[in-house]
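# Commentary on secondary and tertiary structure
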Amino acid sequence: MMTPPVKSGPRYNNMIQSDKVRVIDENGENLGVMYTREAIEQAADVGLDLVEVSPNADPPVCKFLDVGKYRYEAQKKANAARKTQKTQEIKEIKMRPNIDDHDYETKMRNVNRFIGDGDKVKVTLRFRGRELSHQQLGMNLLRRVQEDVAEIAKVEAYPRMEGRQMLMVLAPK
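Residues numbered from 1 in each chain as written. Predicted model: local features only at pLDDT ≥ 70, side-chain atom pairs only at ≥ 80, totals over all residues. Heavy atoms only, no water.

### A word on the sheet that holds strand S3 (residues 49-54)
Strand order in this open sheet of four strands is S2-S1-S4-S3, and the pairing throughout is mixed. Taken across any chain shown, the strands that pair with only one partner, and hence form the sheet edges, are strand S2 (30-35) and S3. The sheet shows a mean angle of 35° between the axes of neighbouring strands, direction not considered. Relative to S2, strand S1 (residues 20-24) runs antiparallel, the two being bridged by five bridges. Looking across to S2, one finds that Ile24 is bridged to Asn30. In the packing of helix H1 (residues 36-45) onto the sheet, the strands contacted are S1, S2, S3 and strand S4 (61-65), and the crossing angle to S2 comes to about 130°. This element, helix H2 (residues 67-84), spans S3 and S4 of the sheet and lies at about 35° to S3. (Pairing = 2+ DSSP bridges. Helix = DSSP H or I, 4+ residues; strand = E, 2+ residues; numbered from the N terminus. Axes fitted to C-alpha atoms, helices over the stretch in contact; angles between N-to-C directions. Contact = heavy atoms within 4.5 Å.)

Spelled out as structure tokens, the structure:
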């Protein structure tokens, strides 16, 4: 017995493997359970294909449809879903441990905007020279950032050192 070539999408006509199927006609009327061959013949009489719409049901549910049109509609629906999907980006904010108040406020405004847009924010604190021996200043600054965004964001990755940088990742709540 030769198996039909594997195609993506729903099985239709002779690709349907079960002996009996529940049939729904082109108008949405339930015609009941019948033999697959008989259902294919009835679909051909009205100029349509027998398409398996719910293969996991018992017996499988098939419908009288135009296969090309059905595939096209399904592809259009998938493309529309992909278009409306928002990918979450990671935005980075870089600071220094001895940042001034006004600079800090500007950076925080950007953090709030990024989180409001639904993006994750990676706060990078860069230490230079002797600042490395005062890591508690950096930790206090990141704690301040954490407290300032507590209502709109949660900490996804707590502050950690990576070489000369201290990192923390915030995600929208």
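### Examining the UniProt feature "domain: Translation initiation factor 3 C-terminal" (unreviewed entry) in the protein chain
Taken from the UniProt record, the annotation "domain: Translation initiation factor 3 C-terminal" (unreviewed entry) applies to residues 89-173. Taken as a whole, residues 89-173 contains 35% helix and 36% strand, while its terminal C-alpha atoms sit 15 Å from one another. (UniProt positions renumbered as here; feature names shortened; annotations may be inferred.)

### Comments concerning the UniProt feature "domain: Translation initiation factor 3 N-terminal" (unreviewed entry) in the protein chain
Per the UniProt record, "domain: Translation initiation factor 3 N-terminal" (unreviewed entry) is annotated on residues 13-80. Helix makes up 35% of residues 13-80 and strand 32%, with an end-to-end C-alpha separation of 28 Å.

### Notes on the packing of helix H3 (residues 101-116) against helix H4 (residues 135-148)
Closest axis-to-axis distance for the H3/H4 pair is 12 Å, and the angle between their directions is 45°. For the element pair H3 / H4, the angle class is oblique. The two elements H3 and H4 meet at a crossing, and its hand is right-handed. Listed contacts from H4 to Asp101, Tyr104 and Met108 of H3 are Leu141, Arg144, Val145 and Asp148. Residues that form the contact of H3 with H4 fall into these classes: four nonpolar, no polar and three charged. (Parallel < 35°, antiparallel > 145°, perpendicular 65-115°, else oblique. Left-handed = near helix turned anticlockwise from the far one by under 90°. Nonpolar A, V, L, I, M, F, W, Y, C, P; charged D, E, K, R; others polar.)

### Things to note about the sheet that holds strand S6 (residues 120-126)
Taken together, four strands build an open sheet; the order of strands is S5-S6-S8-S7 and the sheet is mixed. Among the strands making up the open sheet, the edge pair consists of strand S5 (90-95) and strand S7 (153-162). Within the sheet, the average angular offset between the axes of one strand and its neighbour, ignoring direction, is 20°. Examined bridge by bridge, S7 and strand S8 (residues 165-172) share seven bridges and lie antiparallel to one another. By the bridge assignment, Val155 is partnered in S8 with Leu170. Contacting S5, S6, S7 and S8, H3 crosses the sheet at an angle of about 170° to S5. Seen against the sheet, H4 touches S5, S6, S7 and S8 and runs at an angle of roughly 10° to S8.

### Digging into the nonpolar core
Judged by nonpolar contacts, the single largest core of 21 residues is most densely connected at Met95, Val111, Val121, Val145 and Leu170. Contributions of two or more residues to this core are made by S5, H3, S6, H4, S7 and S8. Element by element, the count of residues in this core is highest for H3, at five residues. The residues contacting Val111, other than those within four sequence positions of it, are Ile93, Val121, Val149 and Leu170. Core analysis: the next-biggest nonpolar cluster, separate from the first, contains ten residues, Ile40, Leu50, Cys62 and Phe64 among them. (Core = buried A, V, L, I, M, F, W, Y, C linked by side-chain atoms within 4.5 Å. Buried < 20%, exposed > 50% of the residue type's maximum accessible area, 1.4 Å probe, protein only.)

### Re the pairing of S4
Sheet faces and side chains relate simply in a regular strand, where the side chains alternate between the two faces. Where S1 lies against S4, three bridges are found, and the strand directions are parallel. Paired with Arg22 across the strands is Val61, a residue of S4. Sheet analysis places S3 next to S4, joined by five bridges and oriented antiparallel. Bridging across to S4, Asp49 finds its partner in Leu65. Turn length for the S3-S4 hairpin, with the two strands adjacent in sequence and antiparallel, is six residues.

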